[in-house]
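Secondary and tertiary structure notes
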Amino acid sequence: MPAISGVPSGHKAIEMELPVNAVLHLWLKAVTLDEPGSVSLYSVNGKFGEVQAINAEENSFRIYHVFGGGIVTLAYDTAITSLSVAYWFTPSDVLETGITVVHTNPANEPPDLPDGYHFRPPFGWMNDPNGFGRFGGRPHLFYQHYSHGRIWNNMHWGHAVSPDYLRWRHLPVFLFPSEELSVRPDKRGGAFSGSAIARPDGPGLRVFFTEKIADRIPEQEIQLTATSADLFSAGAADVLLPRRPDGEGLTFDFRDPYVFRGPDGLWKMLLGSQSAEGGVVLLYETPDNTAAGGWTYVGKLYIETRYETSALECPCLLPVDGDARDPSTRWALIYGLMNGEDKETGRRNLTMIDIGWFDGRSFAKSFGRELDFGTDNYAFQAFVDGGTPVGIGWLGNWADTGPTIDFPSAMSLPRTLSLDGDELLTPPIGAAESLRARMIDRTRLVAGQVVSLPHGAAEIVFELAEAGSEFRLEFDHPEVRLGLSQHGEGLEILHGFLDRTEEPPGPRYIAKAAGAKRVRVFLDYGSLEVFADGGRLAGTKRIAGFEPVRALRLIAEPGAVTQATVWSLRL
């Protein structure tokens, strides 16, 4: 390999081999207020480029095109420059090849989890899924993202693409905070949650999102839209809704636009807010076939009065058992209860799903339930993919994290939604079976013996002789008391910490009167997901840290468990 010349002694150097027409994305900042930060680029012929950052309080995003390719070295003086992220890609094939990350810092690097199968960002913080949909023939996932650390900060949109909802390729960061936030690091906000649609007027997609700037007057949160013809880079954003609707007594909360086709063929938009009556879902519509403008307020589609919330978040509405244009088709209305608490169990930030009929302007509820009794499946977003509703959620909960907590997080397993009469089923997508790498056991677990796991990724499926039979599935974890139990009250995820006694006791993650007969459990580093009776019940629990479950034991009365199988999993 040719030697790189000209790199100053003592500079940190990052060497890479780039194809022709590669694009570098760099985040850097000055270490002090006295001297600008800079990163220089070198080839075999010496220095050929430089990018600078003057602001010492906020990371600056820089783009550099390397037209000739070849061996390139990034070099910088760590005494005056901090480089938090560097990756490259080639625009002509990035949807097929993704980005190549060449540098992160300890503060934002991803965990090393052999055989882990949940979606995680390539670096930094992640929360709500955004813009979940199929575009250009493939599923795309956007998400709330902060690149430079595992702590919430000014929001970007991360982005990934997949052939099957499980195996994801990371793409360039898609949306960025506004310039106002870049020059005012004391303020907080950014490109908050939203949705995406395929453009009716040309190739690509259109995204809708909330721009938040804390303490901005008169509106902290407004709605913006942007388009992308190439499916990986966003154009300039335009304001769609610059203010909340008048006369509704709403708080400053006005966010998370979810855009979809209504049964009348018009584009509809849901937004979450809060009023004196309770949390609300607001409905807008437009006759504009491009959805680029003309939005008018229809009214409050839903008011939540059962729980005390600070706002409803991430509303989502989609048909679940037929064509959207058929009046008999039932729809699912999904929404998060920000800071809402179930007083009986102590669980907070629940996600609800109501089933009913939507005529384009009003929603008539038939029945509803919690989407997930474990509560760590928040901001769930879904769409109809070829006739099948598919959704995904943030595998986290604001009760366990916040702006000051280091929190590497994941997305839940993608799930389908369907109706069996008046029961909602939310099982994992069928492709989840492709994760099964090796069968570990078919005899020991059902006999009540201990089954050791080779690593942290596993699936357990067992069947009970009768619905509601009692059992206790115990997990050997080095830091957490963890289990799954069915007893007289229902199906319960048991969770506590080995190193402390909780006073008062922590939340109870329980599905009352469950009566489960077939149970399917997915283990991964940092998470537990439970599905009973084909998704009639679902419970998701984040486990702090990344220590794996080491072994299992299933305790039940003789004959209560008829069969049990354990697989190791991997992508």
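Our structure is the block above this text.
Everything numeric in this text was worked out from a predicted model, so none of it was measured.

**What about the overall build of the protein?**
The helix and strand tally for the protein stands at two helices and 44 strands. Over its C-alpha trace the protein gives a radius of gyration of 25 Å, about what one expects of a compact globule, namely 25 Å for 571 residues. Among the 571 residues that make up the protein, the fraction classed as buried is 59%. Accessible surface computed for the protein: about 21,900 Å², of which carbon and sulfur atoms make up 49%. Positive and negative side-chain charges in the protein, numbering 51 and 72 respectively, have mean positions lying 2 Å apart.

**Looking at the sheet that holds strand E6 (residues 70-76)**
Reading across from one edge, E1-E6-E3-E4 is the order of the four strands in this open sheet, with antiparallel pairing throughout. Two strands lie at the open edges of the sheet, namely strand E1 (12-18) and strand E4 (46-53), each paired on one side alone. The mean angle between the axes of side-by-side strands here comes to 20 degrees, regardless of whether they run parallel or antiparallel. With three bridges joining them, strand E3 (residues 37-43) and E6 adopt antiparallel strand pairing.

**Points about the packing of aromatic side chains**
Geometrically, a pair of aromatic rings is defined through the distance of the ring centres and the angle of the planes. Tallied over the entire structure, the rule returns 29 aromatic pairs. Ring geometry for Tyr87 and Phe89: centres 6.4 Å apart, planes at 40 degrees, overall tilted. Classification of Tyr87 by relative accessible area gives buried; the value is 0%. The buried category is assigned to Phe89, whose relative accessible area is 4%. The interplanar angle of 35 degrees and the centroid separation of 4.8 Å between the aromatic rings of Tyr302 and Tyr335 together place this pair among those described as tilted. With a gap of 33 residues between them, Tyr302 in strand E20 (residues 296-304) and Tyr335 in strand E22 (residues 331-338) connect regions that are remote in the sequence.

**Considering the sheet that holds strand E25 (residues 351-358)**
Taken in spatial order, the four strands of this open sheet run E21-E22-E25-E26, and their pairing is antiparallel. At either margin of the open sheet sits one strand with a lone partner, and together these are strand E21 (311-319) and strand E26 (363-370). Within this sheet the neighbouring strands show an average axis-to-axis angle of 25 degrees, counted without direction. Taken together, the seven bridges between E25 and E26 define a ladder with antiparallel strand orientation. From the neighbouring strand, Gly356 faces E26, where its bridge partner is Lys365.

**What about the pattern of salt bridges?**
With the rule as written, the count across this model stands at 39 salt bridges. A salt bridge links Lys541 to Asp376; the nearest nitrogen and oxygen atoms lie 3.3 Å apart. Of this pair, Lys541 sits in strand E42 (residues 537-542) while Asp376 sits in the loop between E26 and strand E27 (378-385); the two residues are 165 residues apart in sequence, bridging distant segments of the chain. Judged by its relative accessible area of 1%, Asp376 is buried. As a salt-bridge pair, Arg472 and Glu474 come within 3.2 Å of each other at their nearest N and O atoms. Glu474 gets classed as partly exposed once you look at its relative accessible area, which sits at 29%. One salt-bridge network, held together by shared partners, links Lys212, Glu221, Asp253, Arg255 and Glu313.

**Section: the pairing of strand E36 (residues 471-476)**
Residues of E36 alternate between two faces, with Phe471, Leu473 and Phe475 buried on one and Arg472, Glu474 and Asp476 left unburied on the opposite face. Pairing geometry for E36 and strand E37 (residues 480-486), over five bridges, is antiparallel. Among the inter-strand pairings, Leu473 is bridged to a residue of E37, identified as Leu484. The turn joining E36 and E37, which pair antiparallel and follow one another in sequence, is formed by three residues. Two strands pair when backbone bridges link them, and E36 and strand E43 (residues 551-556) are joined in this way by six bridges, in the antiparallel orientation. Residue pairing across strands places Leu473 opposite Leu554, the latter belonging to E43.

**Points about the pairing of strand E13 (residues 189-198)**
Among the 10 residues of E13, nine are classified as buried, and the element is accordingly described as predominantly covered. Inspection of the sheet shows E13 paired to strand E14 (residues 205-213) by eight bridges, in the antiparallel sense. What sits directly across from Ile197, in E14, is Arg206. If you look at the hairpin formed by E13 and E14, you'll find six residues sitting between the two strands, and Gly204 has a positive phi there, around 100 degrees.

**What about the environment of Asn108?**
When you line up the elements, Asn108 lands in the loop between strand E8 (100-104) and strand E9 (125-135). With a relative accessible area of 0%, Asn108 lands in the buried category. Placed 40 residues apart in sequence, Asn108 and His148 show a C-alpha to C-alpha distance of 5.6 Å. Aside from chain neighbours lying at most four places away, what touches Asn108 is Ser84, Val85, Phe123, Gly124, Ser147, His148, Gly149 and Arg150. Among the polar contacts listed, one links the side chain of Asn108 to the backbone oxygen of Ser147, at a separation of 2.8 Å.

**Side note on unusual backbone geometry**
Here Ile217 and Pro218 are connected by a cis peptide whose omega angle stands at 5 degrees. Positioned with a positive phi, Asn339 is a non-glycine residue whose angle comes to about 65 degrees. Mapping Asn339 onto the fold places it in the loop between E22 and strand E23 (341-342). In this structure, Ala379 takes a positive phi of about 60 degrees despite not being glycine. Summarising the element assignment, Ala379 is placed in strand E27.

**Considering the state of the cysteines**
The tally for this structure, following the rule as stated, stands at zero disulfides. With no disulfide partner, Cys314 has as its closest neighbouring cysteine sulfur the one in Cys316, 9.5 Å distant.

**Describing the nonpolar core**
Grouped together as the largest cluster of nonpolar side chains are 57 residues, with contacts concentrated most on Leu270, Leu301 and Leu317. Among the elements that take part in this core, E22 stands out by supplying six residues, more than any other. Look past the residues within four positions of Leu317 in its chain and what remains in contact with it is Tyr258, Phe260, Leu270, Leu301, Trp331, Ala332, Leu333, Phe358 and Phe363. Counting 36 residues, the second largest nonpolar core, distinct from the first, contains Leu464, Leu482, Val549 and Ala564.

**A few points about the side chain of Ser84**
In this structure, Ser84 sits in strand E7 (residues 81-89). Since its relative accessible area comes to 3%, Ser84 is described here as buried. A polar contact of 3.5 Å, which involves the side chain of Ser84, links it to the side chain of Asn59. Not counting residues up to four positions away in its chain, the partners in contact with Ser84 are Trp27, Asn59, His103, Thr104, Asn105, Asn108 and His148.

Criteria and thresholds
- Throughout, a residue's number is its position along its own chain's written sequence, starting from 1.
- Confidence filtering applies because this is a predicted model: local features only for residues at pLDDT of at least 70, side-chain atom pairs given and counted only at 80 or more, and all residues used for totals across whole chains, interfaces and linings.
- Computation of side-chain values: all heavy atoms of the structure, hydrogens and water removed.
- Put simply, DSSP marks the helices as runs of H or I at least four residues long and the strands as runs of E at least two long, and each gets a number from the N terminus on.
- Within these notes, the globule rule equals 2.2 Å times the number of residues to the 0.38 power, and the radius of gyration is based on C-alpha atoms.
- To sort residues, take the accessible area from a 1.4 Å probe on protein chains only and compare it with the maximum for the residue type: under 20% means buried, over 50% means exposed, and anything in between is partly exposed.
- Method for areas: the Shrake-Rupley scheme with a 1.4 Å probe, in which residue coverage is limited to the protein chains shown.
- As used throughout, the charge tally considers Lys and Arg to be positive and Asp and Glu to be negative, leaving His and the chain termini uncounted.
- Charge positions are represented by NZ for Lys, CZ for Arg, CG for Asp and CD for Glu.
- Two strands are said to pair when DSSP picks up at least two bridges between them.
- Here, axes are lines fitted to C-alpha atoms. For helices the fit covers the stretch in contact, and angles between N-to-C directions go from 0 to 180 degrees.
- Only centres within 6.5 Å qualify two rings of Phe, Tyr or Trp (six-membered ring in Trp) as a pair; their planes then separate them into stacked at under 30 degrees, edge-to-face at over 60, and tilted for everything else.
- Salt bridge criterion: a side-chain nitrogen from Lys or Arg within 4 Å of a carboxyl oxygen from Asp or Glu.
- In what follows, residue pairs with any heavy atoms lying within 4.5 Å of each other are defined as contacts.
- Polar contact is the term for a pair of N or O atoms within 3.5 Å; when the atoms are in protein, one must be able to donate a hydrogen and the other to accept it, and sequence-neighboring residues count only if both atoms are side-chain atoms.
- Counting rule for disulfides: a pair of cysteine sulfur atoms within 2.5 Å.
- Take the buried residues of types Ala, Val, Leu, Ile, Met, Phe, Trp, Tyr and Cys, join any two whose side-chain atoms come within 4.5 Å, and each joined set is a nonpolar core.

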